[in-house]
2 protein chains.
Amino acid sequence: MSKTTIRDVAKRAGVGVGTVSRVLNNSPAVSDATRQKVQSAIEALNFSPNPAARRLSQGKTMAIGVIVPFFTNPSVVRRLQGVVSVLSVSKYDLILFDIEKVNQRDMSLRTIPQRKLADGLLLISLTPSDIDVEQFALANIPVVLVDAYHPALSRVLVNNVQGGYQATKHLIDLGHRKIAYISDYLDDPFNSPVRDRFTGYKQALAEAGIAYREEYHLQGEHGRSPARHLTHTLLDLPDPPTAVFAYSDTQAIGAIEAARESGLSVPGDLSIIGFDNIEAAEYLRITTIRQALFESGVKGAGLLLNLMETPAAEPQEILLPTKLIDRHTTAQYGKKQLSGQIAALQT
Amino acid sequence: MSKTTIRDVAKRAGVGVGTVSRVLNNSPAVSDATRQKVQSAIEALNFSPNPAARRLSQGKTMAIGVIVPFFTNPSVVRRLQGVVSVLSVSKYDLILFDIEKVNQRDMSLRTIPQRKLADGLLLISLTPSDIDVEQFALANIPVVLVDAYHPALSRVLVNNVQGGYQATKHLIDLGHRKIAYISDYLDDPFNSPVRDRFTGYKQALAEAGIAYREEYHLQGEHGRSPARHLTHTLLDLPDPPTAVFAYSDTQAIGAIEAARESGLSVPGDLSIIGFDNIEAAEYLRITTIRQALFESGVKGAGLLLNLMETPAAEPQEILLPTKLIDRHTTAQYGKKQLSGQIAALQT
DNA sequence: TCGCTAATTGGAACCGGTTCCATTTCGTTG
DNA sequence: CAACGAAATGGAACCGGTTCCAATTAGCGA
């Protein structure tokens, strides 16, 4: 039962509590002799300081709160892994908050900062509202956004407009003219990437002189299964698309499944491109737009750590590049694939 | 700047600090009238109690520490998701510790409990040593193991011997006689599943009257790439196996890659079975042994929560079943697959 | 030897809650 | 109407650190 306190140590070492505290905090104002005495008393009593008391007295928690939506989303997990890799070698503990439901969101974002259980906050793929940001300012807590944007907050992001452009351009370059975009709901206020990639999609279309077709843009919940249904709707169109740009790799997988169910070969009959380059995209050889997921977590954590040391007047921004990874789910329009060249998920 | 304290609230409401504290903790010994006054003072001042102070005075942290090795391992992530799903609706915060290096392990396992920053500890896929367990007892902190075993601790586990047996039996039933096992290092003291599955493997072999062949069991670091190399070694044997049992799906993926690189079709020329049933196994249609990963996290968190409420004298154990999921990477020995029946990852 | 400064050290006060004990208030009962 | 117990309340003491100020000691130059 280690209920030993600093006063026990002080008594045993024959010094004052202040001195013990100084030893614990490596204050230079302690003679080597006393330091020695205190050290051995600490060891003899197997003492370790109570962090709650320390927090209370110095007003710091030595913890960082990480708030994550849908912890089951693989790209979110990958970013979190980047964050963890940095924090686990720092002196800060990591407190994880998962927000699964929308109504949970508001509550959490409001209460977490004011509960003061972290010295800094990292939001992953979660766009805060103005009210939230006000709360952060009120609580005087540094916040960094990863894969989300707010003008008043520092952030790490990817150029999603460019990514959407690259994906669409790739399909256009392959000769496709009937290109669909399946995505999360465009009007989700907390998900700006979905709109940015859509912008890039329309840009590439416009640039190539291809008219935007409303029926080629379908929205739904995020996930493999909703994407499968969306793709079926697309394929059932009187004039179905020949290529699909999926908002995420997860959704691309759903699209591939739908194609298979409809007896279409990928990429022979239908080209599909994803976004994110999650690990499964590699296994499945899905053509995709890579964004540096892990790295975004690393940079975000680093930025927050910096900001906590030396607060910056201006919000900082780190922009990460996107890159086309050309694999096996996209092909030249109209050019039938040789059998055996068939890509993943094909039976 | 919300540095409002309970005393400010007391002053504004015209009551004593004790009363405010009572209101905060829903003590019944407060009249409705005063409760009302205090409530409105709290709202007016936008007050919220400082958790550090609360922790200090009542000696509870309202947090649970979750210790995880190799946060990049998909099966560990999946278990963690189960844990999160339970804790995020509980009143406990979740503090995440990632142990990437072996020497980090000892240090963390020793210091985390004594730092007293959590009321309970959950170890995922991490077997503690006797010394560690002693520390837990000393710190008087409840601990639950998920996917790990120690006689003195409550745990949630899977019957790995049975799983290894099922996998091997499946291959034997398909007519295979030359069956390899690729795995993590058997002598890793913190990884008992690797030995248990090995035991199941040998059991099934013995039962079928097949002699165990040392050269068919290869060990290496965990991961896709090491597994790929191991499989190449296997395939280069003068008398190579016709089937491979991989310790994990991740390793099965590596094995599939190796087969493809060697120009072998899966399952036509080589049957491969994995373990875990991670999501990628479904996409890739890998035959595997399912263990309830997510559920193990859910049960583990639930068990810990129970134990914290009402400590049990005896360590509890929850055993989860394993089940064969027959997909497309295993086939009857000697029976060539029709082309087009080729499984995932095949180009 | 004296005086002064720098280096150490002791310990009270404080951080912001909770808890327990003493006190006040009020309704009941004889 | 007095006596008494229950309910409600105030506030000191405490949890276990940190910090700052005052006090002691030591070193050094004149």
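Parameters and conventions
- Residues numbered from 1 in each chain as written.
- Chains lettered and ligands numbered in written order.
- Predicted model: local features only at pLDDT ≥ 70, side-chain atom pairs only at ≥ 80, totals over all residues.
- Heavy atoms only, no water.
- Axes fitted to C-alpha atoms, helices over the stretch in contact; angles between N-to-C directions.
- Helix = DSSP H or I, 4+ residues; strand = E, 2+ residues; numbered from the N terminus.
- Parallel < 35°, antiparallel > 145°, perpendicular 65-115°, else oblique.
- Left-handed = near helix turned anticlockwise from the far one by under 90°.
- Contact = heavy atoms within 4.5 Å.
- Nonpolar A, V, L, I, M, F, W, Y, C, P; charged D, E, K, R; others polar.
- Least-squares fit on C-alpha atoms with pLDDT ≥ 70 in both.
- Near = heavy atom within 4 Å.
- Polar contact = N/O pair within 3.5 Å; in protein donor to acceptor, adjacent residues only side chain to side chain.

Draft legend 1. Geometry of the packing of helix α1 (residues 6-13) of chain B against helix α3 (residues 32-45) of chain B. All names here are of chain B. The N-to-C vectors of α1 and α3 enclose an angle of 120°; their axes lie 9 Å apart at closest approach. Judged by the inter-axis angle, α1 sits oblique to α3. As for how α1 packs across α3, the hand of that crossing is right-handed. Counted together, Asp8, Val9, Arg12 and Ala13 of α1 and Lys37, Val38, Ala41, Ile42, Ala44 and Leu45 of α3 form the full contact between these two elements. When its residues are assigned to classes, the contact of α1 with α3 shows seven nonpolar, no polar and three charged.

Draft legend 2. Representation of the relation of the copies chain B and chain A in the model. Superposition record for chain B on chain A: RMSD 0.1 Å, screw rotation 180°, translation along axis 0.0 Å. Expressed as an axis order, the relation between the two copies is that of a two-fold axis. Looking at chain B, 100% of its interface residues are interface residues in chain A too, so the copies touch through the same face.

Draft legend 3. Here's a closer look at the protein's contact with DNA strand C. Within the structure, DNA strand C sits among 28 residues, and Gly16 and Thr34 of chain A together with Ile6, Arg7 and Ser21 of chain B are positioned closest to it. Atoms of DNA strand C within 4 Å of the protein belong to the sugar or the phosphate in 52% of instances, the rest to bases. Here a phosphate oxygen of DNA strand C sits 2.7 Å away from a polar atom, N or O, in the main chain of glycine 16 of chain A. Serine 57 of chain B places a side-chain nitrogen or oxygen 3.0 Å from a sugar or linking oxygen of DNA strand C. Looking at the surface near DNA strand C, the elements with two or more residues in it are α2 (17-24) and α4 (51-58) of chain A together with α1, α2 (17-24) and α4 (51-58) of chain B. For the surface near DNA strand C, the residue count by class is ten nonpolar, 14 polar and four charged.

Draft legend 4. Main features of the protein's contact with DNA strand D. Not every one of the 28 residues close to DNA strand D is listed here, only the nearest: Ile6, Arg7 and Ser21 of chain A together with Gly16 and Thr34 of chain B. Take isoleucine 6 of chain A: an N or O atom from its main chain is 2.7 Å from a phosphate oxygen of DNA strand D. A distance of 3.0 Å is found between a phosphate oxygen of DNA strand D and a side-chain nitrogen or oxygen belonging to asparagine 25 of chain A. Broken down by secondary-structure element, the contributors of at least two residues to the surface near DNA strand D are α1 (6-13), α2 and α4 of chain A together with α2 and α4 of chain B. Looking at side-chain class alone, the surface near DNA strand D contains ten nonpolar, 14 polar and four charged residues.

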